[in-house]
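Results of the structural survey
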Amino acid sequence: MRIGLYPGTFDPITLGHIDIIRRAAVMVDRLVIGVAINRDKGPLFTLEERVQMIETECAKLSAQTGAEIVVHPFENLLIDCAKDVGAQVIVRGLRAVADFEYEFQMVGMNRALDDSVETVFLMADAGHQAIASKLVKEIARLNGDVRKFVTPPVNEALRGKFS
């Protein structure tokens, strides 16, 4: 069984994330969405809220792609999370060259820790390259329209946080 791990904080999950999940799911039998518990980032949504949003969005994708998609919170090293879930590949989305610089360093460190796990980069679809959860939250906080960047349920969740 081919198992992939797509890690992130998903605070909140965006259309860009969903695009990467959809595309990664056709490459593996099981795609684990690793929801990072990163207290230093001070997420807007609780871990439980993020997991619920991802599970809701991924139920549709699992049916469309035929891949099993599961959500797995983690607070350890990414490479250890990959081992915990049995992933042979880590999937990372890239929006721009600046993303590659950071990701390139991460791949090197992960390979030094365990060279049996590969990393695959998927370029963001052109229509989603500008989407970043941080910017989506800022736009929503300032009462801007984020419907172009997130699904309706995520938009409602954002509105609930900032009303």
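Every residue gets a number counted from 1 within its own chain, in the order that chain's sequence is written. Predicted model: local features are reported for residues with pLDDT of at least 70 only, side-chain atom pairs are reported and counted for 80 or more only, and whole-chain, interface and lining totals are derived from all residues. Hydrogens and water molecules were not included; the side-chain quantities draw on all heavy atoms of the structure.

Let us now look at the overall build of the chain. For the chain, the helix and strand inventory stands at 6 helices and 5 strands. The order of α-helices and β-strands along the chain, N terminus first, is β-α-β-α-β-α-β-α-β-α-α. For a compact globule the rule gives 2.2 Å times the number of residues to the power 0.38, and the radius of gyration it is set against comes from C-alpha atoms. Its C-alpha atoms give the chain a radius of gyration of 15 Å, near enough to 15 Å, the size a compact globule of 163 residues would have. Expressed as lengths along the three principal axes of its C-alpha atoms, the size of the chain is roughly 45 × 35 × 30 Å. Across the 163 residues that make up the chain, the buried fraction comes to 45%. Any two residues whose heavy atoms approach within 4.5 Å are treated as being in contact. If you take every contact in the chain between residues at least 6 apart in sequence, the share linking residues at least 24 apart comes to 74%. Note on areas: these come from Shrake-Rupley sampling with a 1.4 Å probe, and a residue is covered only by the protein chains present in the view. Split by element, the accessible area of the chain, about 8700 Å² in all, is 55% carbon and sulfur. The convention is simple: Lys and Arg are positive, Asp and Glu are negative, and His and the chain ends are not counted. By convention, the point assigned to a charge is CZ for Arg, NZ for Lys, CD for Glu and CG for Asp. Across the chain, the centroid of the 19 positively charged side chains sits 5 Å from that of the 22 negatively charged ones. Numbered from the N terminus, helices here are DSSP runs of H or I no shorter than four residues, and strands are runs of E no shorter than two. For the exposure calls, accessible area comes from a 1.4 Å probe over protein chains only, and a residue counts as buried if that area is under 20% of its type's maximum, exposed if over 50%, partly exposed in between.

What follows deals with the side chain of Thr119. Looking at the element boundaries, Thr119 is found in strand β5 (residues 118-123). The buried category is assigned to Thr119, whose relative accessible area is 17%. In this structure Thr119 touches Ile90, Arg92 and Val107, once residues within four positions along its chain are discounted.

Any two strands between which DSSP finds at least two bridges are classified as paired. Inspection of the sheet shows strand β4 (residues 89-94) paired to β5 by 6 bridges, in the parallel sense. The partner of Val91 across the bridge, within β5, is Val120. Crossover handedness is defined here as right-handed if the route from the first strand over the helix to the second strand goes clockwise, with the strands pointing away from the viewer. Traced from β4 through helix α4 (residues 97-113) to β5, the parallel crossover comes out right-handed.

Glancing now at the packing of helix α1 (residues 15-25) against helix α2 (residues 47-65). Every axis in this analysis is a line fitted to C-alpha atoms, fitted for helices over the stretch in contact. Angles between the N-to-C directions lie between 0 and 180 degrees. Where α1 contacts α2, the two axes come as close as 10 Å, and the packing angle between them is 30 degrees. By the angle class used here, α1 and α2 are roughly parallel. Judged by the sense of rotation from one axis to the other, the crossing of α1 with α2 is right-handed. On the side of α1, the interface is formed by Ile18, Ile21, Arg22 and Ala25, while α2 contributes Glu57, Cys58, Leu61, Gln64 and Thr65. A class-by-class count of the residues in the contact of α1 with α2 yields 5 nonpolar, 2 polar and 2 charged. The cut-offs work like this: below 35 degrees is roughly parallel, past 145 is roughly antiparallel, 65 to 115 is roughly perpendicular, and the gaps in between are oblique. A clockwise turn of the near helix away from the far one marks a right-handed crossing, whereas an anticlockwise turn of less than a right angle marks a left-handed crossing. Gly is put with the polar residues, along with every residue not named as nonpolar or charged; the nonpolar set is Ala, Val, Leu, Ile, Met, Phe, Trp, Tyr, Cys and Pro, and the charged set is Asp, Glu, Lys and Arg.

Let us look at the packing of aromatic side chains. Centres within 6.5 Å make a pair out of two Phe, Tyr or Trp rings, where for Trp the six-membered ring is used; the pair is then stacked when the planes are under 30 degrees apart, edge-to-face when over 60, and tilted otherwise. Counted under the stated rule, the structure contains 3 aromatic pairs. Between Phe100 and Phe104, the ring centres sit 5.6 Å apart and the planes meet at 35 degrees, which makes this aromatic pair tilted. With Phe100 and Phe104 both in helix α4 and 4 residues apart, this pair spans about one turn of that helix. When its relative accessible area of 38% is taken as the criterion, Phe100 is described as partly exposed. Classification of Phe104 as exposed rests on a relative accessible area of 56%. For the pair Phe100 and Phe121, a centre-to-centre distance of 6.0 Å together with 65 degrees between the ring planes defines the contact as edge-to-face. Residue Phe100 is located in helix α4, and its partner Phe121 is located in strand β5; the two are separated by 21 residues in the primary sequence. Among the residues examined, Phe121 registers a relative accessible area of 28% and is labelled partly exposed. The structure contains a cluster of three or more aromatic residues connected by ring pairs, namely Phe100, Phe104 and Phe121.

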